[in-house]
Amino acid sequence: MNNNNSQHILIVDDEPLIRKSLNEILRLEGYKVSMAASGNEALEKIKQDTVNIVISDIKMQGIDGIELLKILKKENPKISVILITGHGNIENAVEAMKLGAFDYITKPLVDNEIKIIIQKIIEQRKLIEENISLKEELAEVKRNSYGNMIGGSSAMQKLYNMIEAIANTKATILITGESGTGKRLVAMAIHQNDKLRKNNRFVEISCGALPENLLESELFGHIKGAFTGAIKDRKGRFELADKGTMFLDEIDAFSPALQVKLLRVIQESEFENVGDTKTIKVDTRIITASNQDLEALIKADKFRKDLFYRLNVISINLPPLRERKEDIPALVNHFIQKYNQKNNTKVSEISKDLLDLFYGYNWPGNVRELENTIEHAVIISKSEKITRAHIPEYLYLRERKNNIDTPKSLKDIIAEPEKQIILTALNDSGWNKKRTALALGINRCTLYNKMKRYDIRPSIKNPA
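The rules we used
- Residues numbered from 1 in each chain as written.
- Predicted model: local features only at pLDDT ≥ 70, side-chain atom pairs only at ≥ 80, totals over all residues.
- Heavy atoms only, no water.
- Pairing = 2+ DSSP bridges.
- Helix = DSSP H or I, 4+ residues; strand = E, 2+ residues; numbered from the N terminus.
- Axes fitted to C-alpha atoms, helices over the stretch in contact; angles between N-to-C directions.
- Salt bridge = Lys/Arg side-chain N within 4 Å of Asp/Glu carboxyl O.
- Buried < 20%, exposed > 50% of the residue type's maximum accessible area, 1.4 Å probe, protein only.
- Parallel < 35°, antiparallel > 145°, perpendicular 65-115°, else oblique.
- Left-handed = near helix turned anticlockwise from the far one by under 90°.
- Contact = heavy atoms within 4.5 Å.
- Nonpolar A, V, L, I, M, F, W, Y, C, P; charged D, E, K, R; others polar.
- Phe/Tyr/Trp six-rings, centres within 6.5 Å; stacked < 30°, edge-to-face > 60°.
- Core = buried A, V, L, I, M, F, W, Y, C linked by side-chain atoms within 4.5 Å.

Student: Tell me what's going on with the sheet that holds strand β9 (residues 202–206), and back it up with residues and numbers.
Tutor: Taken in spatial order, the five strands of this open sheet run β9-β10-β13-β8-β14, and their pairing is parallel. Every other strand in the sheet has two partners, leaving β9 and β14 (314–317) as the edge strands with one partner each. Here the strands of the sheet are splayed against their neighbours by 15 degrees on average, with no regard to which way each runs. Bridge count between β9 and strand β10 (residues 245–249): five bridges; the pairing is parallel. The residue of β10 that forms the bridge with E204 is F247.

Student: Which residues make up the pattern of salt bridges, and what values go with them?
Tutor: Scanning the entire structure with this criterion turns up 26 salt bridges. When the shortest N-O distance is used, the salt bridge between K47 and E44 registers 3.7 Å. Taken as a pair, K47 and E44 lie in helix α2 (residues 39–48) at a separation of three residues, close to a single helical turn. Residue class for K47 comes out exposed when judged on its relative accessible area of 66%. The residue R285 makes a salt bridge to D194 at a minimum N-O spacing of 3.2 Å. Separated by 91 residues along the polypeptide, R285 in strand β13 (residues 285–290) and D194 in the loop between α7 (183–192) and β9 bring together distant segments of the chain. On the basis of relative accessible area, R285 is assigned to the buried category, the value being 1%. D194 gets classed as buried once you look at its relative accessible area, which sits at 2%.

Student: Let's hear about unusual backbone geometry: which residues, and what values?
Tutor: The omega angle of the peptide bond from K107 to P108 is 0 degrees, so this bond is cis rather than trans. Of note in the backbone geometry, D301 takes a positive phi value of approximately 60 degrees without being a glycine. Among the structural elements, D301 can be located in the loop between α11 (294–299) and α12 (305–311). We note that N344 has phi near 55 degrees; this positive angle belongs to a residue other than glycine. Locating N344 in the fold gives a position in the loop between α13 (328–343) and β15 (349–350).

Student: So what's going on with the packing of helix α6 (residues 154–166) against α7? Which residues, and what values?
Tutor: Where α6 meets α7, the closest approach of the two axes is 9 Å, and the angle between their N-to-C directions is 40 degrees. Here α7 runs oblique to α6, going by the angle between their axes. Crossing hand, α6 versus α7: right-handed. Touching L159, I163 and I166 of α6 are V186, A189 and I190, all from α7. For the contact of α6 with α7, the residue count by class is six nonpolar, no polar and no charged.

Student: Outline the packing of aromatic side chains, listing residues and values.
Tutor: Tallied over the full model, the rule gives eight aromatic pairs. Ring geometry for F238 against F271: centres 6.2 Å apart, planes inclined by 45 degrees, an arrangement best described as tilted. Taken together, the residues F238 in helix α9 (residues 237–240) and F271 in strand β11 (residues 270–272) connect sequence positions 33 residues apart. With respect to class, F238 is no different from F271; both count as buried. A centroid spacing of 5.3 Å and a plane angle of 65 degrees characterise the contact between F308 and Y309, whose relative ring orientation is edge-to-face. In terms of burial, F308 and Y309 fall into one category: buried.

Student: A description of the nonpolar core should follow, citing residues and the corresponding values.
Tutor: One finds F238, L248 and L262 to be the most contacted residues of the largest nonpolar core, which totals 55 residues. Among residues more than four places away in sequence, those in contact with L248 are I205, C207, L219, F238, F254, L262, I286, I287, T288 and A289. Grouped together as the second largest cluster of nonpolar side chains are 25 residues, L321, V332, L370 and I391 included.

Student: Go over α7 with me, naming the residues and quoting the values.
Tutor: Along an α-helix, residues three or four positions apart point the same way, because every turn accommodates 3.6 residues. Of all ten residues in α7, seven are buried; the element is thus mostly enclosed. Looking only at α7, the buried set comprises K183, V186, A187, M188, A189, I190 and H191.

As far as function goes, none of this settles anything; it's purely spatial.
Pasting the structure below:
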């Protein structure tokens, strides 16, 4: 029938009717089911047998659902916990999710909702097991690019591995990071690596670019006459993204009313067109992004806590460019080629002093700012080399102000020749760090530390 019989579910509730009802539903689905009438009884049963999932009421005498959750997260963190609550206690359930509950369900219980949540737990477990071996395989693999993303830094390696690990799941994903870090590229890479959805639509919308009434219509569609100007029926983006991926950028711009509608789409996979009562069902992978601190917005009552936890099933935080400056040469190379092709130019080199400026600059606009800078330089340059003369003036006006001459210490004096020796050895080996370390009689770890200390980086010349 299925593999459900490998899952042992423990139902914890002091109401016999609820225990028996859930027991019947889950046994029919093929699960192994046990029951407990209290938190204490549940803990005893867990000591006696392996339990995979606990479904517990929040309100119980003695050890209640919240306390049971805390104990399980401390002593049996592999057990997934689903909590049952009444509509008047949803705030408690949301707090429980913050403590580590997988999800919550409200009374009266809906059979399909319970089944869906349990299937999500099983899928997540399967994903974790599959990715243990994948992570081991990828640990030694270093990639300088992935999809349309460029960079070989450790931060980017972690990002590439994360995308491969989560692409084939149904989990909602929240991408955070400063403006210009590439949140859209990450969302596209997830879609393109999702075997079930990559051949269907990737639909995106910048939520902050539209007023609330237009955003609602764009997302959910409308029927003719729903509002002034609605001269015909129109499908919304969620409907267009059925069987595909929906990317909602600037999710922090959602009004409270739209947040409620989005929460329903995530929980129930359904909505109505604006002005209509007919319910539309969709199967859409939802990826959201924000450059704001959503938890701060929650404290300011501007963003729903329960929506945040639904969106934040998997979180990806993108590093700013200033924290991965070792990727600058590869990014510059990439953008030079891109804008050479676009403008029919033949730039092949960047001056060393300009590259040094790039390393010293903090890039508040991140990769997008670097790309705009290179595009400007490629267009302005009339030669094969771009220099400081070809970049916007503000970049070098903001250059670091620490170039004041100061007396050199003995450590600084000794450092100069050591730096040159390392540079010469690197150039002789074609920047092969293993061979360089061997030639210098030091280990690779020492070489990396000295390169970092002396700010030694490869120059960019003749991009392929």
